[in-house]
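This is what each chain is made of:
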Amino acid sequence: MSIHDDIERVLIDAATLQARIAELGAQIARDTGGEPVLLVGILKGAVLFLADLARAIDAPVELDFMAVSSYGNTMQSQGRVRILKDLDDAISGKHVVLVEDIIDTGLTMSYLLDLLRQRGPASLRVCALLDKQKPRARHITVDYIGFPIENAFVVGYGLDFAQRYRNLPYIGVLKPEVYQGRKNAGG
Ligand code: 5GP
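We now turn to the structure provided with this report. Only a predicted model underlies this, so the values are computations on that prediction, with no experimental measurement involved.

Moving on, we come to the overall build of the protein. If you tally the helices and strands in the protein, you get four helices and nine strands. N-terminal to C-terminal, the α/β element order of the protein is β-α-β-α-β-β-β-α-β-β-β-β-α. A globule of 187 residues ought to have a C-alpha radius of gyration of about 16 Å, and the protein, at 16 Å, matches this closely. Each principal axis of the C-alpha atoms in the protein carries an extent, and together these give about 50 × 35 × 30 Å. For the protein, buried positions account for 47% of its 187 residues. Expressed as a percentage of contacts within the protein between residues at least 6 apart in sequence, the contacts between residues at least 24 apart total 67%.

The next thing to look at is the sheet that holds strand β9 (residues 171–174). Reading across the sheet, the three strands line up as β1-β9-β8 and stay open at both edges, with antiparallel pairing between neighbours. Only two strands of the sheet have a single neighbouring strand rather than two, namely β1 (7–12) and β8 (154–155). As paired strands, β8 and β9 are joined by two bridges and run antiparallel to one another. Pairing of Val 154 across the sheet is with Val 173, part of β9.

With that settled, consider the site of the ligand. Not every one of the 17 residues close to the ligand is listed here, only the nearest: Asp 101, Thr 105, Thr 108, Val 154 and Asp 160. In the model, an oxygen atom of the ligand is placed 2.4 Å from a nitrogen or oxygen of the Thr 105 side chain. The separation between an oxygen atom of the ligand and a polar side-chain atom of Thr 108 is 2.5 Å. The fraction of the free accessible surface of the ligand (510 Å²) that becomes covered by protein chains is 95%.

Before going further, it helps to examine helix α1 (residues 14–31). The terminal C-alpha atoms of α1, which comprises 18 residues, lie 26 Å apart, in line with the 26 Å expected from a rise of 1.5 Å per residue. Among all positions of α1, only Leu 17, Ile 21, Leu 24, Gly 25, Ile 28 and Ala 29 are buried. For α1, the buried positions fall inside an angular range of 130 degrees around the axis, keeping them on one side. Structural note: α1 exposes Ala 15 and Arg 30 on the side pointing more than 90 degrees away from its buried face. One side-chain oxygen of the residue at the start of α1 lies 3.3 Å from the amide nitrogen of Ala 15, identifying that residue as Asp 13. One or two residues past the end of α1 sits Gly 33, with phi positive at roughly 60 degrees.

Now for the environment of Leu 159. Topologically, Leu 159 is positioned in the loop between β8 and β9. Residue classification places Leu 159 among the buried residues on the basis of a relative accessible area of 8%. As for Leu 159 and Lys 132, which are separated by 27 residues in sequence, their C-alpha atoms are 14 Å apart. With near-sequence residues (within four places) excluded, Leu 159 lies in contact with Gly 45, Asp 101, Ile 102, Leu 130, Val 154, Arg 164, Tyr 165, Arg 166 and Ile 171.

A word on the pattern of salt bridges. For the structure on display, the rule yields eleven salt bridges. The partner of Glu 150 in a salt bridge is Arg 9, with the nearest N and O atoms 3.0 Å apart. Residue Glu 150 is located in the loop between β7 (144–149) and β8, and its partner Arg 9 is located in strand β1; the two are separated by 141 residues in the primary sequence. Given the relative accessible area of 38%, Glu 150 is considered partly exposed. Here Asp 86 and Arg 119 are joined by a salt bridge, their closest N and O atoms 2.8 Å apart.

Rules of the game
Residues numbered from 1 in each chain as written. Predicted model: local features only at pLDDT ≥ 70, side-chain atom pairs only at ≥ 80, totals over all residues. Heavy atoms only, no water. Helix = DSSP H or I, 4+ residues; strand = E, 2+ residues; numbered from the N terminus. Rg over C-alpha atoms; globule rule 2.2 N^0.38 Å. Buried < 20%, exposed > 50% of the residue type's maximum accessible area, 1.4 Å probe, protein only. Contact = heavy atoms within 4.5 Å. Pairing = 2+ DSSP bridges. Near = heavy atom within 4 Å. Polar contact = N/O pair within 3.5 Å; in protein donor to acceptor, adjacent residues only side chain to side chain. Areas by Shrake-Rupley, 256 points an atom, 1.4 Å probe, with all protein chains shown as cover. Expected span 1.5 Å × (residues − 1). Arc of directions from axis to C-beta. Salt bridge = Lys/Arg side-chain N within 4 Å of Asp/Glu carboxyl O.

Right under this line is the structure:
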């Protein structure tokens, strides 16, 4: 039994992910003019992406993390955002890039942008690996997008279903029988 058996189809393979992340890293370094960048990863989904993105930036990089409540026990956004873990350090005067795995409704990012903007960063930008092509509940500007994707529930490369599949090296769509009839999903 392999975790790959639960995947219906691969949406973005590992080599394609890495090639795009190299471009994103170069773009972030260019836009910040070689100045130090603080990457703020949103736990846990953004961890794998952040690890590769950080190595693709040829400039001084600092890391910090936030954890927010996301989908709870469903595969739909609840429209509620709760801070479970705040940043360790102040961001005043820093060039901050919020690193997120996926933008779906935009509610999480909209909330975080409002919150962090109040803390006086020198700049505040958003880098999302995936951007779901569907109407947003909140308008937000995503400065760096890895891949626009169809409106499907995806797993892998940090993204989970019921805390599993984060370690898949690619982005894929689960077979329906994996989540049908299950109540404990997402997060
Ligand atoms: P938003 O607030 O934009 O609706 O949701 C963002 C969060 O929802 C993401 O950080 C992620 O945790 C979760 N999410 C949204 N779409 C998906 C998806 O297709 N798969 C998984 N695994 N999580 C998702």
